[in-house]
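Close look at the chain arrangement
In case you want the letters, here they are:
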Amino acid sequence: MFLRSQFRRAVIAAAVGACAVVGLTAPASAAPAAPSAAQAGLRSYLVITAPNGTAGAKSAVATNGGSVYASYDAIGVVVAHSTATDFATKMRAVSGVQQVGATRTSDLPAQVSNPPIPASPTQTVPTAAETNRVDMTQIKADQAWAVTTGSPSVTVGVLDTGVDDQHYDLKANFDASKSGSCAYGKLDTRVGSWRPEGTHGTHVAGTIAAAKNGKGMVGVAPSVKIASVRIAETPSGLFFAENTICAFVFSGDQGFKITNNSYYTDPWLFNCPNNVDQAAILEGVKRAAAYAEGKGVLNIAAAGNENINLANKTTDTTSPNDSTPASRPVTTACLAVPNELPSVLAVSSINSSNVKSSFSNFGTDKIAVTAPGDNVYSTLPGGTYGNSSGTSMATPHVAGVAALMLSVNPSLTPAQVRARLATEADDLACSDSRCAGTTAKNNFYGEGRVDAKDAVGGGTTPGGTFENTTDLAIPDAGAAVTSPITVTGISGNAPATLKVDVNVVHPYRGDVVIDLVAPDGSTYRLKGSSTNDAADNIVATYTVNASTEVANGTWNLKLQDLYRSDVGYLNSWKLTF
């Protein structure tokens, strides 16, 4: 399901020339109306083997009362259908099969046997002129356009409800040759298969790459290409695991540079590894996302709209959303996918005042960066426009900035883009008592608000992270000691937001003074001493304006223990450019 708060589907708020959409979330009803089934009792399963080891499992599917609907051999995932209630149990006993799990708690819809092609919406030509909208100025996209508006060699995949490829503001940048549908779990590239079921995907696409043509609105990267991979099914509108898996594999094979994922994988808000079905969903989607990243794709996903701490989950009352939801306990081991997967960059939402949106999820080490997601104006099917709110709306801002970065530096790896987005993000201070961390990095905003201008400029070629993990003893009340890091391969100066991560083990951290020493000997104080700080250990991220320093060379972390009685050591430290 596309990400939402307690509401469940798109809610139309008003229509004044163009539609205004609030939430892109859901009606208050517990679950969608039950569609007509393809066959009574026909369910979908993931059968997981070793990569490229699916042959035996596919043969066993038929033997055990099922049929193979699709197969993703490179990642060892088979999508099987069966009416047999003991199908999963029998398949788990097959040699070479690692996991088997049902992907839904409802029967497959009738459309699975002959997926319908969505109709092309009737179009309206906009008359309103483009304006500098607050979300674009907030992330400095308007300033980044002085450097680049994006390159057509960069394609962003919109994995969503489908995109209106004929929209006035999207058609110039839409790549039909790389678009298709993965609804029901099997690739469909028939003409129009990518078109919208609902408004959500078209809204997302406009934020990324609506053309700069003088009318309507402008996306963050108005000259890059977008492709649509529809993963929402008809008639439920849900995004099941097999659909997500298909979409990630297709994205990698098509050479997308970025995917935008403003949804979570239905029917479970959180997938728990101690449940055999949900464990298979976790493994299958994780493999598919990793496959895409291995092909050079940066996967960016919305953090979700439940206003919960993802690092402290306790209860889920909304799942399964394809049948009858029931309250169940969950733990931090239970993950929302794709946003909590290790290969995915998760985005929270802020309002125009740079404060966490009321609906946005958060969590320590769960959020990479943040972006505007409140009342965002963008494209809707049929040549119209509207305002929507959600982390779904924040995420395409980040995807657009990443696309601008890759337009300027096409050789960047997903890891380098991720690091650059973090380094150039604008720090945001905590805004209420639930927020934990520092201004430089916290559980509301991650590394901060994405900054398009600095991401494409700043005079430094992105170089990722440099780290020293060698332990270094800090003498008790002794002389200062230094730990070096040699930086190479970066042109120009260090950024104005150089991140310094420090991990010191010490029983009385107030004793320790820490400085960063640049290659030319300039010193930047990171932490002073305090006789009142008796807490142990220093695990912190410091942000340094090092824009006057040449990036390449040997940087040193200087540490000194000023007081007697307690002894500690430097565990590790790193620089992120």
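Residues numbered from 1 in each chain as written. Predicted model: local features only at pLDDT ≥ 70, side-chain atom pairs only at ≥ 80, totals over all residues. Heavy atoms only, no water.

**Side note on the pattern of salt bridges**
Pairing is possible between side chains of opposite charge, provided their charged atoms come close. In total, this model carries 25 salt bridges according to the counting rule given. Here Asp 73 ties to Lys 58 by a salt bridge, and the two come within 3.3 Å at their closest N and O atoms. Residue Asp 73 is located in the loop between β4 (66–72) and β5 (77–82), and its partner Lys 58 is located in helix α1 (residues 55–63); the two are separated by 15 residues in the primary sequence. For Lys 58, a relative accessible area of 27% corresponds to the partly exposed category. Salt-bridge contacts for Asp 277 lead to Arg 92; the nearest nitrogen and oxygen are separated by 3.7 Å. In this pair, Asp 277 sits in helix α7 (residues 276–294) while Arg 92 sits in helix α2 (residues 87–92), placing the two residues 185 residues apart along the sequence. (Salt bridge = Lys/Arg side-chain N within 4 Å of Asp/Glu carboxyl O. Helix = DSSP H or I, 4+ residues; strand = E, 2+ residues; numbered from the N terminus. Buried < 20%, exposed > 50% of the residue type's maximum accessible area, 1.4 Å probe, protein only.)

**Focus: the nonpolar core**
Ile 300, Val 398, Val 401 and Leu 421 are the most contacted members of the largest nonpolar core, which has 47 residues in total. Here this core gets 10 residues from one element, more than from any other, and that element is helix α8 (residues 391–408). Those residues within four positions of Val 401 in sequence are excluded, and the remaining contacts are Ile 139, Val 220, Leu 421, Val 450, Asp 451, Ala 452 and Ala 455. Listed in part, the 44 residues of the second largest apolar core include Ile 48, Ile 231, Ala 289 and Val 344. (Core = buried A, V, L, I, M, F, W, Y, C linked by side-chain atoms within 4.5 Å. Contact = heavy atoms within 4.5 Å.)

**Thoughts on the state of the cysteines**
A complete count under the given rule lists 3 disulfides for this structure. In this model, Cys 272 is linked to Cys 334 through a disulfide, with the two sulfur atoms separated by 2.1 Å. Since a negative S-S torsion denotes a left-handed disulfide, the Cys 272-Cys 334 link at about 110° is right-handed. Separated by 62 residues along the polypeptide, Cys 272 in the loop between β10 (258–261) and α7 and Cys 334 in the loop between β13 (328–329) and β14 (344–350) bring together distant segments of the chain. As far as the burial class goes, Cys 272 and Cys 334 line up, both buried. Two residues, Cys 430 and Cys 435, share a disulfide whose sulfurs are 2.1 Å apart. Across the S-S bond linking Cys 430 and Cys 435, the dihedral sits near -65°, which makes this disulfide left-handed. (Disulfide = S-S within 2.5 Å.)

**So, the pairing of β5**
By the criterion of burial, β5 is predominantly enclosed, with 6 of the 6 residues buried. Because side chains alternate across β5, one face comprises the buried residues Val 77, Val 79 and His 81, and the other comprises Val 78, Ala 80 and Ser 82, equally buried. Across 6 bridges, the pairing between strand β3 (residues 43–49) and β5 is antiparallel. Looking at β5, one finds that Ile 48 is bridged to Val 77. Sheet topology places β4 next to β5; 6 bridges connect them, and they run antiparallel. For Ala 70, the partnering residue across the bridge sits in β5 and is Val 79. Hairpin geometry of β4 and β5 is characterised by an intervening segment of 4 residues between the two adjacent antiparallel strands and by a positive phi of about 70° at Gly 76. (Pairing = 2+ DSSP bridges.)

**A look at the sheet that holds β10**
One open sheet holds the 7 strands; their spatial order is β8-β9-β7-β10-β11-β14-β15, and the pairing between them is parallel. This sheet does not close on itself; its edge strands, each paired only once, are β8 (180–181) and β15 (369–372). Judged from the 4 bridges that link them, β14 and β15 form a sheet pairing that is parallel. The partner of Ser 348 across the bridge, within β15, is Thr 370. Where helix α5 (residues 200–209) meets the sheet, its contacts fall on β7 (155–160), β9 (225–230) and β10, and the angle it forms with β7 comes to roughly 160°. (Axes fitted to C-alpha atoms, helices over the stretch in contact; angles between N-to-C directions.)

**Thoughts on the packing of aromatic side chains**
Any pair of aromatic rings gets described here by the distance separating the centres and the angle formed by the planes. Under the criterion given, the structure shown has 9 aromatic pairs. Seen in terms of ring centroids, Phe 174 and Trp 194 are 6.0 Å apart; in terms of plane orientation they differ by 40°. Their pairing is tilted. Of this pair, Phe 174 sits in the loop between β7 and β8 while Trp 194 is found in the loop between β8 and α5, placing the two residues 20 residues apart along the sequence. Taking the centre distance of 5.1 Å and the plane angle of 65° together, the rings of Phe 362 and Phe 444 count as edge-to-face. A residue pair is termed long-range when its members are at least 10 positions apart, and Phe 362 in the loop between β14 and β15 and Phe 444 in the loop between α9 (414–424) and α10 (452–456) qualify at 82 residues. Cation over ring: Arg 104 sits above Phe 240, and NZ or CZ is 3.8 Å from the ring centre. (Phe/Tyr/Trp six-rings, centres within 6.5 Å; stacked < 30°, edge-to-face > 60°. Lys NZ or Arg CZ within 6 Å of the ring centre and 35° of its normal.)

**Some details on the environment of Thr 470**
By secondary structure assignment, the location of Thr 470 is in the loop between β18 (465–468) and β19 (472–474). Sequence spacing of Thr 470 and Cys 272 is 198 residues, and the spatial spacing of their C-alpha atoms is 36 Å. Leaving out residues up to four positions away in the same chain, Thr 470 has contacts with Leu 570 and Asn 571.

**Side note on α8**
For α8, built from 18 residues, the straight-helix expectation of 26 Å at 1.5 Å per residue is met to within 8% by its first-to-last C-alpha distance of 27 Å. Of all 18 residues making up α8, 17 are buried, and the element is well covered by its neighbours. (Expected span 1.5 Å × (residues − 1).)

**Looking at unusual backbone geometry**
In this model, Thr 234 is joined to Pro 235 through a cis peptide bond whose omega is 5°. Turning to its location among the elements, Pro 235 is positioned in the loop between β9 and α6 (241–254). Note the cis peptide between Ser 319 and Pro 320, where omega equals -5°. Relative to the assigned elements, Pro 320 resides in the loop between β12 (315–316) and β13. For Tyr 184, which is not glycine, the phi torsion reads 75° and is therefore positive. A relative accessible area of 1% places Tyr 184 in the buried class. If you check the backbone angles, Ser 565 has positive phi at about 105° while not being a glycine. Positionally, Ser 565 belongs in the loop between β25 (553–561) and β26 (568–576).

**Structural notes on the confidence of the model for the chain**
On average, the chain scores 91 in pLDDT, and the residues at 70 or more come to 92%. Counting contacts from residues 4–34, a segment whose pLDDT is below 50, to residues more than four positions away or on other chains yields 77 contacts. Between residues 458–462, whose pLDDT stays under 50, and residues either more than four places distant or in other chains, the model counts 15 contacts. (pLDDT = per-residue confidence, 0-100.)

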